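Take a look at the letters that make up each chain.
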Amino acid sequence: MAPHIFNVAARAYQRIQEEKTNQVILVSGESGAGKTESTKLMVKHLVYMSPNRSDDLHNKIVQVNPLLEAFGNAQTIINDNSSRFAKYLELSFDERGQVIGATIRDYMLEKARVVTCNKDEGNFHIFYSLFAGASKQQLIGLNLSESKDYRIIKCGCLKLLEEKTKYREIYLQQMDALKRIGFDADDMNILHCMLGAIIHLTEVRFKEADKANEPLEIVNPDQVELAAELLNVDPLELCLSLIKTKTEYGGEQLYHLKNLEQARESCDALAKAIYERMFGWVIRRINEDLNPTKQRYETLSY
Ligand SMILES: Nc1ncnc2c1ncn2[C@@H]1O[C@H](COP(=O)(O)OP(=O)(O)OP(=O)(O)O)[C@@H](O)[C@H]1O
């Protein structure tokens with residue numbers, strides 16, 4: 001019989017206590033095998049075994065899950081809530097075996113999903129919950145209209161749009177979780193602006209110039225302007241960076257015109273990079289919340 005997950009967690013905990021050495025549990029398997037759910041149960045069991053069961057820390061770890069899933073999970077053919085990143089969760093213990101903190105490290109976020117995903121799958125959950133849950137006023141503030149108009153939503157399974165009630169509920173949970181990890185009104189606003197900017201950037205379209213050796217034309221420059229406004233950057237600079245490459249040679253700045261493919265790629269790359277930074281920001285804030293003390297003793301990692 002395969003080892004039970006509680007047994008694996010108990011053995012690792014026992015070794016930390018007896019040998020005072022770090023322990024690692026590797027949770028692997030194909031998509032949908034149950035890695036995420038098993039990890040949640042093992043964390044629960046480890047906290048349960050701690051001398052002064054820190055329900056508070058366990059609750060915090062559980063409560064950040066909706067956030068991780070909002071930004072890092074998406075519907076795939078195999079799993080409705082598939083993690084599209086690899087996760088390393090480190091639990092810290094004091095000498096009594098008490099869990100005193102947790103740190104999450106993310107790897108290999110599938111950021112390409114922001115701009116391309118299989119038609120039977122979904123984009124990251126956060127985009128659907130944003131359209132379903134944000135108020136009309138918030139969406140107007142981001143210059144966004146009906147979700148079905150956007151490539152970021154259209155590139156995935158449109159059926160997800162029919163689940164508005166579910167996503168509205170999820171949005172409220174996500175906003176609640178953000179507040180709990182210390183996001184204030186300004187942080188919330190920045191996060192929404194980043195999401196809005198990504199959505200506008202993925203809308204930008206380019207066209208070949210009529211004459212040779214002329215820069216590409218941006219078909220809908222309003223989308224670049226809206227993205228620039230939300231990112232608080234100069235719209236002209238942003239437009240230029242999408243159609244030209246700047247290099248420095250001998251202290252001189254040189255500009256090369258991008259072709260259609262390069263411009264599309266750089267615009268998508270920018271959207272993906274913003275998404276990745278945003279995810280990293282959320283994880284950093286989660287870690288601050290999960291580490292009330294900076295002291296580190298033995299650790300257990302997944
Ligand atoms: N221990 C469990 N108890 C109940 N349901 C489970 C359990 N493990 C897995 N499941 C079911 O299987 C689904 C997929 O599990 P999970 O998301 O943990 O898989 P995963 O291996 O992390 O997948 P991915 O690699 O795609 O993220 C869950 O949404 C849940 O419905």
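The rules we used
Residues numbered from 1 in each chain as written. Predicted model: local features only at pLDDT ≥ 70, side-chain atom pairs only at ≥ 80, totals over all residues. Heavy atoms only, no water. Near = heavy atom within 4 Å. Polar contact = N/O pair within 3.5 Å; in protein donor to acceptor, adjacent residues only side chain to side chain. Areas by Shrake-Rupley, 256 points an atom, 1.4 Å probe, with all protein chains shown as cover. 1 Å grid on protein atoms, 1.4 Å probe; cavity = no way out; pocket = protein on both sides within 12 Å on 5 of 7 lines; lining within 4 Å. Sits in = over half its atoms within 2 Å of the grid points. Helix = DSSP H or I, 4+ residues; strand = E, 2+ residues; numbered from the N terminus. Nonpolar A, V, L, I, M, F, W, Y, C, P; charged D, E, K, R; others polar. UniProt positions renumbered as here; feature names shortened; annotations may be inferred. Points joined across faces, edges and corners; volume = space filled by probe spheres on them. Axes fitted to C-alpha atoms, helices over the stretch in contact; angles between N-to-C directions. Parallel < 35°, antiparallel > 145°, perpendicular 65-115°, else oblique. Left-handed = near helix turned anticlockwise from the far one by under 90°. Contact = heavy atoms within 4.5 Å. Core = buried A, V, L, I, M, F, W, Y, C linked by side-chain atoms within 4.5 Å. Buried < 20%, exposed > 50% of the residue type's maximum accessible area, 1.4 Å probe, protein only.

### Concerning the site of the ligand
Part 1 of the reasoning: Surrounding the ligand, one finds 13 residues, the nearest of these being Ser31, Lys35, Thr36, Ser82 and Ser83.
Part 2 of the reasoning: Within the backbone of alanine 33, one N or O atom sits 3.2 Å away from an oxygen atom of the ligand.
Part 3 of the reasoning: Calculation on the ligand without its partners gives an accessible area of 630 Å², and the protein chains cover 63% of this total.
Part 4 of the reasoning: The cavity where the ligand resides is the largest pocket.
Part 5 of the reasoning: Elements represented by at least two residues in the shell around the ligand include exactly α2 (35-49) and β3 (82-83).
Part 6 of the reasoning: Of all the elements, α2 adds the most residues to the shell around the ligand, at four residues.
Part 7 of the reasoning: For the shell around the ligand, the per-class residue count stands at two nonpolar, eight polar and three charged.

### Focus on the UniProt feature "binding site: ATP" (unreviewed entry) in the protein
Part 1 of the reasoning: Taking the UniProt record as the reference, the feature "binding site: ATP" (unreviewed entry) is found at Gly29, Glu30, Ser31, Gly32, Ala33, Gly34, Lys35 and Thr36. Lining the largest cavity, from the set of annotated residues above, are Thr36.
Part 2 of the reasoning: Examined against the element boundaries, glutamate 30 turns out to sit in the loop between β1 (23-24) and α2.
Part 3 of the reasoning: By the element assignment, alanine 33 lies in the loop between β1 and α2.

### Here's the deal with the layout of surface pockets
Part 1 of the reasoning: Empty space within the largest pocket amounts to approximately 620 Å³.
Part 2 of the reasoning: Listing elements by their share of the lining of the largest pocket, those giving two or more residues are α2, β3 and β4 (86-93).
Part 3 of the reasoning: Here the element with the most residues in the lining of the largest pocket is α2; it accounts for five residues.
Part 4 of the reasoning: Here the residues of the lining of the largest pocket are counted per class, giving twelve nonpolar, ten polar and seven charged.
Part 5 of the reasoning: Looking at the second largest pocket, its volume works out to about 240 Å³.
Part 6 of the reasoning: Every residue lining the second largest pocket is counted, 13 residues in all, and those nearest its centre are Phe131, Lys136, Leu139, Ser145 and Glu146.
Part 7 of the reasoning: When residues of the lining of the second largest pocket are traced back to their parent elements, those giving at least two are α4 (125-133), α5 (136-141) and α7 (164-180).
Part 8 of the reasoning: When residues in the lining of the second largest pocket are grouped by element, the largest group, three residues, is from α5.
Part 9 of the reasoning: The residue makeup of the lining of the second largest pocket, split by class, is six nonpolar, three polar and four charged.

### Re the packing of helix α9 (residues 221-231) against helix α10 (residues 235-243)
Packed helices, taken two at a time, are described by the angle between their axes plus the distance between the axes.
Part 1 of the reasoning: Two numbers describe how α9 lies on α10: the axes approach to 9 Å, and their chain directions differ by 120 degrees. As summarised for this structure, α9 and α10 are arranged oblique, according to the angle between their axes. In the packing of α9 onto α10, the handedness of the crossing is right-handed. Every residue of α10 that contacts α9 at Val224, Glu225, Ala227 and Ala228 is listed here: Pro235, Leu238, Cys239 and Leu242.
Part 2 of the reasoning: Split into classes, the residues belonging to the contact of α9 with α10 amount to seven nonpolar, no polar and one charged.

### Brief notes about the nonpolar core
Side chains of nonpolar character tend, in soluble globular proteins, to be buried together.
Part 1 of the reasoning: Residues Phe71, Phe127, Leu130, Ile198, Phe206, Tyr275 and Ile286 are the most contacted members of the largest nonpolar core, which totals 82 residues.
Part 2 of the reasoning: Among the elements that line this core, the one with the most residues is helix α11 (residues 260-290), at 13 residues.
Part 3 of the reasoning: Ignoring any residue separated from it by four or fewer positions in sequence, one finds tyrosine 275 in contact with Ala70, Phe71, Leu109, Val114, Phe124, Ile126, Phe127 and Ile198.

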